[in-house]
Amino acid sequence: TVTITDNDTPAMSVGDVTVAEDAGTASVAVSIDNPSSVDTVVSITTTDNSATNPDDYTTTTVTATIPAGQTTVDVSIPITDDTTGEPTEDFTVNGTVTSGNTSNTTDSGTVTITDNDTPAMSVGDVTVAEDAGTASVAVSIDNPSSVDTVVSITTTDNSATNPDDYTTTTVTATIPAGQTTVDVS
Ligand SMILES: [Ca+2]
Ligand SMILES: [Ca+2]
Ligand SMILES: [Ca+2]
Ligand SMILES: [Ca+2]
């Protein structure tokens, strides 16, 4: 009897991918680094990181099968498109080989989601009567953000001068996460 031990056992990997929030789905490659004579079956799950289910993506549990002779298959994970400005966020895709012949049994990948709702900040214009007491100036963002927006406010003389016409003001205006405006007096 001649017994031959193989020297081509592949390693399994779960790919990393960066997607825009409005991409619809993230397509994650589940691969082996050289073909196998048998199917490679990989159990896929997802884990929250800074991106969370269901606000940013949909938790996915699926079986990915790389057919014998092939090296990769894609897994689709739904991505949530909201209207809130957010930082770049990510979640983890975990793969576990449940059937096949690989040199490893687990690997994980990262899906990074880039936001498409980054708001613009603006300081409002206002006209007040001299006897109004204070001018209320709106500091705004044009859509809500998942994080506080902190704006440093200062004043500069123009034809109106400090202190005869107004009082020089230096203040920090904070627009809370989820809101769009705050007034400065
Ligand atoms: Ca071989
Ligand atoms: Ca988020
Ligand atoms: Ca969006
Ligand atoms: Ca968003």
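You'll find the structure just up there.
Residues numbered from 1 in each chain as written. Chains lettered and ligands numbered in written order. Predicted model: local features only at pLDDT ≥ 70, side-chain atom pairs only at ≥ 80, totals over all residues. Heavy atoms only, no water.

Engineer: Can you walk me through the coordination of the calcium ion (ligand 3) in this structure?
Structural biologist: The reference angle at a metal is 109.5 degrees if four donors form a tetrahedron and 90 or 180 degrees if six donors form an octahedron. Coordination of the calcium ion (ligand 3) by the protein involves E21 (OE), D81 (OD), D82 (O), N116 (OD1), D117 (OD) and D117 (OD), with metal-donor separations of 2.2 to 2.6 Å. Classification of the site at the calcium ion (ligand 3) as irregular follows from its six donor atoms and the range of 51 to 167° in their angles at the metal. Each donor residue of the calcium ion (ligand 3) lies on the same chain, and together they follow the pattern E-x59-D-D-x33-N-D. Between the calcium ion (ligand 3) and the calcium ion (ligand 4) the interatomic distance amounts to 4.0 Å, and E21 serves as a bridging ligand to the pair. Note that E21 is positioned in the loop between β2 (17-20) and β3 (25-32) and D117 in the loop between β8 (106-114) and β9 (121-123), a separation of 96 residues in sequence. Take E21 and D117: they sit in the same class, and that class is buried. (Donors = N, O, S within 2.8 Å, 3.2 Å for Na, K, Ca; no water. Tetrahedral: all angles 85-135°; square planar, octahedral: opposite > 155°, others 65-115°. Helix = DSSP H or I, 4+ residues; strand = E, 2+ residues; numbered from the N terminus. Buried < 20%, exposed > 50% of the residue type's maximum accessible area, 1.4 Å probe, protein only.)

Engineer: I tried to follow the side chain of N143 on my own but got confused; where do I start?
Structural biologist: Mapped onto the elements of the fold, N143 is located in the loop between β10 (137-141) and β11 (149-153). Take N143: its relative accessible area is 17%, and that puts it in the buried class. Within the local environment of N143, its side chain forms a polar contact with the backbone oxygen of D117, the two atoms lying 2.8 Å apart. Ignoring anything within four residues of it in the chain, the contact list for N143 reads T83, T84, G85, D117, T118, P119 and T180. (Polar contact = N/O pair within 3.5 Å; in protein donor to acceptor, adjacent residues only side chain to side chain. Contact = heavy atoms within 4.5 Å.)

Engineer: What should I look at first to understand a negative patch on the surface in this one?
Structural biologist: Together, E130, D131, D157, D164 and D165 line one region of the surface with negative charge. Turning to its location among the elements, E130 is positioned in the loop between β9 and β10. (Patch = residues over 30% accessible without salt bridge, like charges linked within 9 Å, V, L, I, M, F, W, Y side chains within 5 Å. Areas by Shrake-Rupley, 256 points an atom, 1.4 Å probe, with all protein chains shown as cover. Salt bridge = Lys/Arg side-chain N within 4 Å of Asp/Glu carboxyl O. Lys, Arg positive; Asp, Glu negative; His and termini not counted. Charge placed at Lys NZ, Arg CZ, Asp CG, Glu CD.)

Engineer: Quick question: what am I supposed to make of unusual backbone geometry here?
Structural biologist: Excluding glycine, a negative phi dihedral is what most residues carry, and trans is how most peptide bonds are arranged. Looking along the chain, the bond that leaves N53 and enters P54 is cis, with omega of 0°. Note the cis peptide between N162 and P163, where omega equals 0°. Topologically, P163 is positioned in the loop between β11 and β12 (171-175).

Engineer: What is the right way to read the sheet that holds β9 from this model?
Structural biologist: Neighbouring strands of a sheet are bound in pairs by backbone hydrogen bonds; such pairs are parallel or else antiparallel. With respect to topology, three strands assemble into an open sheet ordered β9-β10-β13, the strand pairing being antiparallel. The open sheet has two edge strands with one neighbour each: β9 and β13 (181-184). The average angle at which neighbouring strand axes cross in this sheet is 15°, direction not considered. The sheet contact formed by β9 and β10 spans three bridges and is antiparallel. In the strand pairing of β10, S122 is matched with S140. (Pairing = 2+ DSSP bridges. Axes fitted to C-alpha atoms, helices over the stretch in contact; angles between N-to-C directions.)

Engineer: Even after reading the chapter, I still don't get the pairing of β11, so can you show me in this structure?
Structural biologist: The side chains of a regular strand alternate, first on one face of the sheet and then on the other. Every second residue of β11 is oriented toward a common face, the buried set being T149, V151 and I153 and the non-buried set V150 and S152. Two strands pair when backbone bridges link them, and β11 and β12 are joined in this way by five bridges, in the antiparallel orientation. Counterpart to T149 in the pairing with β12 is I175.

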